[in-house]
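# Chain and residue survey
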Amino acid sequence: MLLLTTTRDALLAPLQSVAGIVEKRHTLPILSNVLIEKHGDQLTMLATDIEIQIRTTTAGHIGGEDAAITVGARKLQDILRALPDSADINLTLDDKRLTVKAGRSRFQLQTLPAADYPRLSPPDEAAARITVSQRSFKRLLAQVSYSMAQQDIRYYLNGLLIIADGNELRMVATDGHRLAYAAADLDAPVEQRTEAILPRKTVLELARQLADSEDPLEIVLAGNQAVFRFGPIELVTKLIDGKFPDYERVIPQGHPKLINFARQPLLAALQRAAILTNEKFRGVRMVLEDGILKIISTNAEQEEALDELEIDYQGDKLDIGFNVTYLLDVLNNLGSETVDWRFNDGNSSALITLPGNDKFKYVVMPMRI
């Protein structure tokens, strides 16, 4: 039975959109598969890992009968990648086997019944509906997502908090050692304040998939699920059920020492100092003196790195230590030319903001070195 005739790229592009969430090893074999549904000239591909589901629909495929099957996502993707860019593809289904033909190449793949494929149903009722540009949402993700925890027993930290409140969309992430906050204006206000904690995997998938464009992203928050619709893609995700820390209490107020740094020279100096940090603790000392910042790192072999930057600072000497990874993360993910850095003393957290912009804040705890 002929399913469809199409080009290699027309098949590979939607498959790559959904296959990113497919786990290599899963207790349910069918979750290694992608669900392929053919209706007329429309082709729908769907993948899920039970927590997240991605679906994409494309049109313009030729011929064939309507059908629904599941087939190994990685195998099909690898086959299509290995074929020439301009190849014409025939998909045929016979006796539970999917045959992929391209020129003189032929591959037979096992299928599993589409009826057995698990699905997440998008919610009917919504607590909040938000429309924002893909670029704006992608930029917010970039500004905060690196602060998410990884495999923390406080499961609510292994994700990212989004808040829709009035005319503003906010994002917060923390791993207990640092916290990132970013906000953007919404074109239309939401009727009621709504919060949701997105799982880490969902955040990374959205960051990968969203375009750097003004094309719209529709977000539906409802109960224990969220839905993201953009272009031909619909992503449904379960939310993390938990109480996120009160981020407003963590952001320090009134730190007296303010220094404006050129971002690129500071980033370069920290990258050099990081070379000789202790591999386990990754600590650097920052010593503030009149007109100068010293960045110092040492390691277990008694090796030392020292970098100096001229700064506009007059005041008491300050010696404070940080995990250099936390500093590199924030500086690498900000596009601004300068950053404001506020200190109190050697035992207090530091606050990094953007000049004249109250929509980004980064708090980092000091470490003893």
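Scroll up a little and you will see the structure.
In short, a report on the structure. It should be emphasised that the depicted structure is a prediction, and the values quoted were computed from it without experimental measurement. (Residues numbered from 1 in each chain as written. Predicted model: local features only at pLDDT ≥ 70, side-chain atom pairs only at ≥ 80, totals over all residues. Heavy atoms only, no water.)

### Comments concerning helix 4 (residues 200-209)
In an α-helix, one full turn covers 3.6 residues, which means residues spaced three or four apart are oriented alike. Along helix 4, the residues classified as buried are Thr-202, Val-203, Glu-205, Leu-206 and Gln-209. End-on view of helix 4: buried residues confined to an arc of 165°, all on one side of the axis. (Buried < 20%, exposed > 50% of the residue type's maximum accessible area, 1.4 Å probe, protein only. Helix = DSSP H or I, 4+ residues; strand = E, 2+ residues; numbered from the N terminus. Arc of directions from axis to C-beta.)

### Remarks on the side chain of Thr-56
Relative to the helices and strands, Thr-56 resides in strand 4 (residues 52-58). A relative accessible area of 2% places Thr-56 in the buried class. For Thr-56, the side chain forms a polar contact with the main-chain oxygen of Pro-232, separated by 3.4 Å. Non-local contacts of Thr-56, meaning those with residues more than four positions away in its chain, are made with Pro-14, Ser-17, Val-18, Leu-43, Thr-44, Met-45, Pro-232 and Ile-233. (Polar contact = N/O pair within 3.5 Å; in protein donor to acceptor, adjacent residues only side chain to side chain. Contact = heavy atoms within 4.5 Å.)

### Comments concerning the packing of helix 6 (residues 263-274) against helix 7 (residues 324-332)
One can describe the packing of helix 6 onto helix 7 by two numbers: an axis separation of 10 Å at closest approach and a directional angle of 150°. In this view, helix 6 runs roughly antiparallel relative to helix 7, as classed from their interaxial angle. As for how helix 6 packs across helix 7, the hand of that crossing is left-handed. Facing Arg-263, Leu-266, Leu-267, Leu-270, Gln-271 and Ala-274 of helix 6, the residues of helix 7 in contact are Val-324, Leu-327, Leu-328, Leu-331 and Asn-332. Taken together, the residues of the contact of helix 6 with helix 7 sort by class into 8 nonpolar, 2 polar and 1 charged. (Axes fitted to C-alpha atoms, helices over the stretch in contact; angles between N-to-C directions. Parallel < 35°, antiparallel > 145°, perpendicular 65-115°, else oblique. Left-handed = near helix turned anticlockwise from the far one by under 90°. Nonpolar A, V, L, I, M, F, W, Y, C, P; charged D, E, K, R; others polar.)

### What to know about the side chain of Thr-111
Tracing the backbone shows Thr-111 in strand 8 (residues 105-113). A relative accessible area of 11% places Thr-111 in the buried class. Only 2.8 Å separates the side chain of Thr-111 from the backbone oxygen of Lys-96, close enough to count as a polar contact. Excluding residues that lie within four positions of it along the chain, Thr-111 makes contacts with Ile-69, Thr-70, Leu-93, Lys-96, Arg-97 and Leu-98.

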